[in-house]
Amino acid sequence: MHYNSIGSDGAKALAEALRVNGVLKKIKLSSNPIKDEGAVAIGESLKTNSTLEELVLRDNRIRVLPKSICGLKKLTRVDLSRNRLTCTETQDESGLANLAGCARLAELRVDGNVGIEALPNAWGQLTALVSVSADETRVRTVPTEVFTGCVKLERVSLRCCP
């Protein structure tokens, strides 16, 4: 459902349908003008989902991830590239640390979120993480916790970072 001009109102309507869906494995909502309230509605509708494996919300206007995202136990791939997410060494205003609850997460992309200056220490809990990409962000270093906790980590990409 990418490139469909689904804004936050459309995302809220979609969220209602997702509440009753028990088989969906992938959600791709790239390049839609979804803002925080739409992302929260989708997150809330999925908090008891037991089937979702892939969530793609790239190229939207999302600034905050809902806490409910940590309830997605089968999630293996998340792409949040080119949104409006922010995270510094002292503050995680976007709730990126909430992803640490996704125990099966193997691939994580946050490329192009220029407000990200640091990766959350909590990502060190992602023991299944194989690849993290934070290209075109302002990340300068990766926390030690990520390297020590992510025992399957094979790839970290920080292209075009300071």
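Figured I'd write up the structure that's included with this text. (Residues numbered from 1 in each chain as written. Predicted model: local features only at pLDDT ≥ 70, side-chain atom pairs only at ≥ 80, totals over all residues. Heavy atoms only, no water.)

## Thoughts on the pattern of salt bridges
Under the counting rule described, the total for this entry stands at twelve salt bridges. Between Arg63 and Asp36 there is a salt bridge, with its nearest N and O atoms 3.0 Å apart. Placement of the pair is Arg63 in the loop between strand E2 (54-56) and strand E3 (77-79) and Asp36 in helix H2 (residues 36-46), with a sequence separation of 27 residues. Notably, a salt bridge pairs Arg77 with Glu107, separated by 3.3 Å at the nearest N-O pair. Of this pair, Arg77 sits in strand E3 while Glu107 is found in strand E5 (residues 107-109), placing the two residues 30 residues apart along the sequence. Each of Lys26, Lys28, Glu54, Arg58, Asp59, Arg77, Asp79, Arg82 and Glu107 takes part in a single network of salt bridges with overlapping partners. (Salt bridge = Lys/Arg side-chain N within 4 Å of Asp/Glu carboxyl O. Helix = DSSP H or I, 4+ residues; strand = E, 2+ residues; numbered from the N terminus.)

## Brief notes about the packing of helix H1 (residues 8-18) against H2
Contact geometry of H1 with H2 gives a least axis separation of 8 Å together with a crossing angle of 5°. For the element pair H1 / H2, the angle class is roughly parallel. On the side of H1, the interface is formed by Ser8, Ala11, Lys12, Ala15 and Leu18, while H2 contributes Glu37, Gly38, Ala41, Ile42, Ser45 and Leu46. Across the contact of H1 with H2, the residue classes tally to six nonpolar, three polar and two charged. (Axes fitted to C-alpha atoms, helices over the stretch in contact; angles between N-to-C directions. Parallel < 35°, antiparallel > 145°, perpendicular 65-115°, else oblique. Contact = heavy atoms within 4.5 Å. Nonpolar A, V, L, I, M, F, W, Y, C, P; charged D, E, K, R; others polar.)

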